[in-house]
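Structural description and commentary
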Amino acid sequence: MRAALTGAVRCAWLAAACLLAGCSMFGGTKAVKPDWKTLHVITAPDANNNSPLAIDVVLITERALVDGVSALTAAQYFAARDDMRRSQPGALVVQSLELVPGQSFEIDPKPFRAKKGWAALMFANYGTPGAHRYRLQLGSRGYLLQLNAHDARLTDTETGTAH
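Residues numbered from 1 in each chain as written. Predicted model: local features only at pLDDT ≥ 70, side-chain atom pairs only at ≥ 80, totals over all residues. Heavy atoms only, no water.

Some details on the overall build of the protein chain
When helices and strands are tallied, the protein chain shows five helices and eight strands. Going from the N terminus to the C terminus, the protein chain shows its helices and strands as α-β-α-β-α-α-β-β-α-β-β-β-β. The burial tally for the protein chain puts 38% of its 163 residues in the buried class. Long-range contacts, defined here as pairs at least 24 residues apart, represent 70% of the contacts in the protein chain between residues at least 6 apart. By element, 58% of the accessible surface of the protein chain is carried by carbon and sulfur atoms, the whole surface being about 8,900 Å². (Helix = DSSP H or I, 4+ residues; strand = E, 2+ residues; numbered from the N terminus. Buried < 20%, exposed > 50% of the residue type's maximum accessible area, 1.4 Å probe, protein only. Contact = heavy atoms within 4.5 Å. Areas by Shrake-Rupley, 256 points an atom, 1.4 Å probe, with all protein chains shown as cover.)

Okay, structure coming up:
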């Protein structure tokens, strides 16, 4: 009987650990305001096969939408974005840009810091196949997004960690 009880306790602890790990993947157990100070974008001269490139920075303010939006590729997101914004007003804080190759831009992080969110993503609408979706940590101080020929590189400016 004691062995069965020990096994049940282990299963309960394992289940709790999995739930906690799942919550932390989405920014924790509560919504928080992003701590971003800078969101800098640099576009390479040959970015997107030398074509303009649309990007969206998205703060998800409704926990129920995190899994669905996080699973979208950039192509899927851009195809559904207007409908998502109409059907879920206020659930997403979005800043959209369209950059030409060789352009540099500083995104204003203030609109994001005014809201609490569960997760944040950046989508780059490349003409090439790929997810082109990048996760931004809400507690990070800032990011540098380098838009290259066929894909982007997102770097946390505080830690130097590339995503």
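Following the structure, the description resumes.
Observations concerning the pairing of strand 7 (residues 142–147)
Pairing analysis gives six bridges linking strand 1 (residues 38–43) to strand 7, with the strands arranged parallel. The residue bridging isoleucine 42 from the neighbouring strand is glutamine 146, located in strand 7. As defined by bridge partners, strand 7 adjoins strand 8 (residues 152–156) across five bridges and the pair is classed as antiparallel. Looking at the pairing, leucine 147 lines up with alanine 152 of strand 8. (Pairing = 2+ DSSP bridges.)

Thoughts on the sheet that holds strand 8
If you walk across this open sheet you meet the four strands as 4-1-7-8, and the pairing is mixed. Sheet topology places strand 4 (104–107) and strand 8 at the edges, where each strand pairs with a single neighbour. Between one strand and the next, the sheet's axes are offset by a mean angle of 15 degrees, whatever the strand orientation. (Axes fitted to C-alpha atoms, helices over the stretch in contact; angles between N-to-C directions.)

Describing the nonpolar core
Counting 24 residues, the largest nonpolar core has Trp36, Ile55 and Leu147 as its most contacted members. Of all the secondary-structure elements, those providing two or more residues to this core are strand 1, strand 2 (53–60), strand 3 (92–99), strand 5 (119–124), strand 6 (133–136), strand 7 and strand 8. Ranked by residue count, the leading element in this core is strand 2, at four residues. Apart from the residues within four sequence positions on either side, tryptophan 36 is in contact with Val57, Pro109, Phe112, Arg113, Ala120, Leu136, Gln137, Leu138, Ser140, Arg141 and Tyr143. One finds Val66, Ala74, Val94 and Leu121 within the second-largest nonpolar core, a separate group that totals 17 residues. (Core = buried A, V, L, I, M, F, W, Y, C linked by side-chain atoms within 4.5 Å.)

Remarks on the pairing of strand 2
A large share of strand 2 lies buried, amounting to eight of its eight residues. Here strand 2 shows two buried faces, one formed by Leu53, Ile55, Val57 and Leu59 and the other by Ala54, Asp56, Val58 and Ile60. Judged from the eight bridges that link them, strand 2 and strand 3 form a sheet pairing that is antiparallel. Looking at strand 3, one finds that isoleucine 60 is bridged to leucine 92. In this structure, strand 2 lies alongside strand 5, joined through six bridges in antiparallel fashion. Each residue of the ladder has a partner; that of isoleucine 55, found in strand 5, is alanine 124.

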